Amino acid sequence: MDTITKRYIWLFFAVLMVLMVGAYVIHTAYSPQSKPQPGNDLNSQRASYVTIRDSEGKVILETGIPVYEQDEYISEDNLHYVIISISGSNAVARKKDIDKSELNSVSQKLNAASITYPHTVEAQALLNPHHVVIYHTHSDESYLPDSGRPGKPGNGDIFQVGAALAESLTKAGISVHHSYNPHDPHDINAYHRSRRTVTQLLKERPDASFDIHRDSAPLSSYATTINGIDTARVMIVIGRSNPNLNPNLNFARSIKAAADDLHPGLMRGIYLGQGDYNQDLYPTSLIFEVGTESNSLDAAQKAVRYLADAIIAVIGS
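The rules behind each value
- Residues numbered from 1 in each chain as written.
- Predicted model: local features only at pLDDT ≥ 70, side-chain atom pairs only at ≥ 80, totals over all residues.
- Heavy atoms only, no water.
- Pairing = 2+ DSSP bridges.
- Helix = DSSP H or I, 4+ residues; strand = E, 2+ residues; numbered from the N terminus.
- Axes fitted to C-alpha atoms, helices over the stretch in contact; angles between N-to-C directions.
- Contact = heavy atoms within 4.5 Å.
- pLDDT = per-residue confidence, 0-100.
- Left-handed = near helix turned anticlockwise from the far one by under 90°.
- Nonpolar A, V, L, I, M, F, W, Y, C, P; charged D, E, K, R; others polar.

Engineer: Help me understand the sheet that holds strand β6 (residues 131-135) in this model?
Structural biologist: Working definition: the strands of a sheet are paired by backbone hydrogen bonds and lie parallel or antiparallel to each other. Read across the sheet, 11 strands follow the order β2-β1-β5-β4-β3-β12-β11-β13-β8-β6-β7 without closing on themselves; strand pairing throughout is mixed. In the strand order of this sheet, the two ends are held by β2 (59-63) and β7 (175-178), each with one partner. When strand polarity is set aside, the average angle formed by the axes of neighbouring strands in this sheet is 25°. Strand direction decides the pairing type here: strand β8 (residues 208-215) and strand β13 (residues 285-292), joined by six bridges, are parallel. The residue bridging H213 from the neighbouring strand is E289, located in β13. Helix-sheet contacts for helix α7 (residues 245-262) involve β3 (72-75), β4 (80-87), β8, β11 (234-239), β12 (267-273) and β13, and the interaxial angle to β12 is about 170°. Those strands touched by helix α8 (residues 297-315) are β6, β8, β11, β12 and β13, and its axis lies near 150° from that of β13.

Engineer: Honestly, the confidence of the model for the protein in this entry has me stumped. Any pointers?
Structural biologist: Close inspection of predicted coordinates is inappropriate in any region flagged by low pLDDT. Per-residue confidence for the protein gives a mean pLDDT of 83; residues scoring 70 or more make up 75%. For the stretch residues 105-127, pLDDT sits under 50, and the model shows 38 contacts to residues farther than four places along the chain or on other chains.

Engineer: For this particular structure, what's the right way to read the packing of helix α4 (residues 158-171) against α8?
Structural biologist: Two quantities define a packed helix pair, namely the angle between the helix axes and the distance between the axes. Orientation of α4 relative to α8, taken along the N-to-C sense of each, is 35°, at an axis distance of 8 Å. Relative to α8, α4 is oriented so that their crossing is right-handed. Every residue of α8 that contacts α4 at Q160, V161, A164, L165, E167, S168 and L169 is listed here: L297, A300, Q301, V304, R305, A308, I311 and I312. When its residues are assigned to classes, the contact of α4 with α8 shows 10 nonpolar, three polar and two charged.

In structure tokens form, the structure reads like this:
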């Protein structure tokens, strides 16, 4: 092959490479950004929230959690709804038909003696001292009155909320492993990163695993007074796309029932959202949304101290 031919071949490949790189750059710059995967962007740091109304137009829930059709919500009054339509930041829900036995189960005031743990939790995990693990998928989440912004990457106020819960449980004789692992940034992959953390924590075979968050909604949705003290409210979140849905839901109902008995008004309800939120890993795994960004950190810490009373009633005896 002569020298001129070689030069033409090299020139051809050089031009081809330039064209390929240019095409890639243009595609990246002008293509629309990928949408978040459904159900994996729980509690994202957007300023907006969704208002869910019943068929008569009454507001039943305001939340920053991504809302999808077929999501379900069990209200503070134990009314069970299913989301049937969504338009922008508004959604409509209808009451779900459930049998009387389920209604009786929901309304029953549960105590520790009546709780039956899922068989998948090893027997040794149910012996005293009980053990709980706590972590934070969205480790940047913070409270505006204290931090002046909704998120502090790697060092969110939410860590202090988890610490308050851990302290209250420890005082009651429940051992706690509270992970301070950060899982930033606050994006659709946060749950993939926190999955590594919770997988390690679950090797300890705890009685329960709690992922502590805060919601994004108007302050009026989460502000309350308990025993004359201003505090935040709490909502439990469960992923409905996981094989542990039923045991997790039973566990959530038990804690809500105990909280309703001990501290009426603390619990907003239970939201069943699209996704698994790593709850497929364990049958007693819950997310707690503690207040909204407009609550104070102090109100959120008070909320989890009240919440601890309910957890202790369910697993601590």
